Amino acid sequence: MDKNDNDSPNAFCKACHMTWEEDQELDLERVWVQCDKCDGWVHSECLSYSLEEDEPFFCPDCL
Ligand SMILES: [Zn+2]
Ligand SMILES: [Zn+2]
C-alpha cells in the first residue's frame, strides 16, 4: 500500500493534463499549485498569469 499524504497521486494538471505521477517520473521538479476553489492542480508554468503569493489561487477553470 502506497500512502503519500503529501502527494496527490490522482492529480493532473488542468492545463496540460499531465498526471502528477508522470511528472514525478520525468523528474522535472515543476511547481504544482492547488486551486482554492475546486482543489484541482496546475503547473505554475502552465498558467498564463503569474501567481500572487499572498492571494488565494484559482485555476483557469475557476477564474
Ligand atoms: Zn501542466
Ligand atoms: Zn479550480
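Keep in mind that this is a model prediction, so the values were computed, not measured. (Residues numbered from 1 in each chain as written. Chains lettered and ligands numbered in written order. Predicted model: local features only at pLDDT ≥ 70, side-chain atom pairs only at ≥ 80, totals over all residues.)

Considerations on the overall build of the protein chain
Thought 1: Along its length, the protein chain carries one helix and two strands.
Thought 2: Its helices and strands taken in sequence order, the protein chain reads α-β-β from the N to the C terminus.
Thought 3: Considering only contacts within the protein chain whose residues lie at least 6 apart along the sequence, 43% involve residues at least 24 apart. (Helix = DSSP H or I, 4+ residues; strand = E, 2+ residues; numbered from the N terminus. Contact = placed C-beta atoms within 7 Å.)

Topic: the environment of asparagine 10
Thought 1: With respect to the helices, strands and loops of the structure, asparagine 10 is situated in the segment before helix H1 (20-26).
Thought 2: C-beta crowding within 10 Å serves as the criterion here: with 9 such atoms nearby, asparagine 10 is assigned to the exposed category.
Thought 3: Along the backbone, asparagine 10 and glutamate 21 are eleven residues apart, and their C-alpha atoms lie at a distance of 7.8 Å. (Buried ≥ 20, exposed ≤ 12 C-beta atoms within 10 Å, placed from the backbone.)

A short note on the environment of leucine 47
Thought 1: Secondary-structure assignment places leucine 47 in the segment after strand E2 (41-43).
Thought 2: Assessed through the 16 C-beta atoms surrounding it within 10 Å, leucine 47 is described here as partly exposed.

Side note on unusual backbone geometry
Thought 1: Despite not being glycine, aspartate 27 has its phi angle at roughly 60°, a positive value.
Thought 2: C-beta crowding within 10 Å serves as the criterion here: with 7 such atoms nearby, aspartate 27 is assigned to the exposed category.
Thought 3: Phi at aspartate 39 takes a positive value of approximately 65°, unusual for a residue other than glycine.

Brief notes about the environment of cysteine 38
Thought 1: With respect to the secondary-structure elements, cysteine 38 resides in the loop between strand E1 (32-34) and E2.
Thought 2: In the structure, cysteine 38 is positioned 21 residues away from cysteine 59 in sequence and 8.1 Å away in space, judged by C-alpha atoms.

Quick word on the confidence of the model for the protein chain
Thought 1: For the protein chain, the average pLDDT comes to 86, and 86% of its residues sit at 70 or higher.
Thought 2: Here E1 stands out as the least confident element of the protein chain, with mean pLDDT 92; E2 is the most confident, with 95. (pLDDT = per-residue confidence, 0-100.)

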